[in-house]
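Read off the chains here:
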Amino acid sequence: MIDRNETGASQEHARLTSLLNMGILDTPPQRDFDEVTRLAALACNTNSAAVTLIDANRGWFKSRVSVHAAEVPREHALCSLDIDQPDLLVIPDTHLDARCTGNPLTEGQDAIRFYAGAPP
């Protein structure tokens, strides 16, 4: 019998190793990423968008449009919800989704209300 927790931990280790091997974390902005981010904001009809990479402790923004922070703690990064998803994750209204309850990024005046993300 396969232990799901062991399999999940193994998959997470492999994902983090792959991310680190890419050498992309904490690199300067790149035009290609910024173009994709602007297109995502336009396609989703939102004021902001980001390309977020999730490491062991944080969500780091490789590219961002109208997002002021450079990173967020992993437990607040909505992209953490994508990691175990097989397909695109769309949350039409974060205020109506229980997975977003209590997340400081989905509360207040500048709250994230719509979220769309793809798994790694």
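Here's a quick rundown of the structure.

**Here we look at the pattern of salt bridges**
Evaluation of the coordinates by the stated rule reveals seven salt bridges. The partner of Asp55 in a salt bridge is Arg58, and the shortest N-O contact between them spans 2.7 Å. You can call Arg58 buried: its relative accessible area is 12%. A salt bridge links Arg99 to Asp97; its shortest N-O distance comes to 2.7 Å. Through salt bridges with shared partners, a single ionic network connects Asp26, Asp55, Arg58 and Glu71.

**A short note on a nonpolar patch on the surface**
A cluster of nonpolar residues, Leu88, Val90 and Phe114, forms a patch on the protein surface that exposes about 260 Å² of accessible area. Leu88 gets classed as exposed once you look at its relative accessible area, which sits at 59%.

**Side note on the layout of surface pockets**
Within this model, the largest pocket holds a volume of roughly 1400 Å³. Taken together, 43 residues form the lining of the largest pocket, with Ala49, Ala50, Thr52, Cys79 and Tyr115 sitting closest to its centre. Counting residues per element, the ones that place at least two in the lining of the largest pocket are helix 1 (4-22), helix 2 (31-43), strand 1 (49-54) and strand 5 (115-117). Ranked by residues supplied to the lining of the largest pocket, first place goes to strand 1 with six residues. One number sums up the size of the second largest pocket: a volume of about 160 Å³. Residue lining of the second largest pocket: Gly8, Gln11, Glu12, Arg15, Arg74, Ser80, Ile83, Asp84 and Pro120, and that is the complete set. Looking at the lining of the second largest pocket residue by residue, the class counts come to two nonpolar, three polar and four charged.

**What to know about the pairing of strand 2 (residues 58-65)**
Most of strand 2 sits inside the fold, with six of its eight residues counted as buried. Where strand 1 folds back on strand 2, the antiparallel hairpin that results is connected by three residues. Bridge count between strand 2 and strand 3 (residues 71-73): three bridges; the pairing is antiparallel. Note that in strand 3 the partner of Trp60 across the bridge is Glu71. Hairpin connection, strand 2 to strand 3: the antiparallel pair is bridged by five residues, and Ser66 has positive phi, about 55°.

How each quantity is defined
- The written sequence of each chain sets the order in which its residues are numbered from 1.
- Reporting in this predicted model follows two pLDDT cut-offs: at least 70 for local features of residues, and 80 or more for side-chain atom pairs to be given and counted; totals over whole chains, interfaces and linings ignore these cut-offs and use all residues.
- The basis for every side-chain value is the complete set of non-hydrogen atoms in the structure, without hydrogens or water.
- One side-chain nitrogen of Lys or Arg within 4 Å of one carboxyl oxygen of Asp or Glu is enough to make a salt bridge.
- Only protein chains enter the accessibility calculation, which uses a 1.4 Å probe; a residue is then buried when its area is under 20% of its type maximum, exposed when over 50%, and partly exposed in between.
- A patch consists of residues exposed above 30% relative accessible area that lack any salt bridge, with like charges linked at up to 9 Å and nonpolar side chains (Val, Leu, Ile, Met, Phe, Trp, Tyr) linked at up to 5 Å.
- Only the protein chains shown count as cover for residues, and the accessible areas themselves come from Shrake-Rupley with a 1.4 Å probe.
- Here a cavity denotes a set of grid points, spaced 1 Å apart and computed over the protein atoms alone, in which a 1.4 Å probe fits but from which it cannot get out, and a pocket denotes an open set meeting protein on both sides within 12 Å along at least five of seven lines; residues with an atom within 4 Å of a point are reported as lining.
- Grid points are joined across faces, edges and corners, and a volume is the space filled by probe spheres set on the points.
- Strands are runs of DSSP state E lasting at least two residues, helices are runs of H or I lasting at least four, and both sets are numbered from the N terminus onward.
- Residue classes follow a fixed rule: Ala, Val, Leu, Ile, Met, Phe, Trp, Tyr, Cys and Pro count as nonpolar, while Asp, Glu, Lys and Arg count as charged, and any other residue, Gly among them, counts as polar.
- The pairing criterion is simple: DSSP has to find at least two bridges between the two strands.

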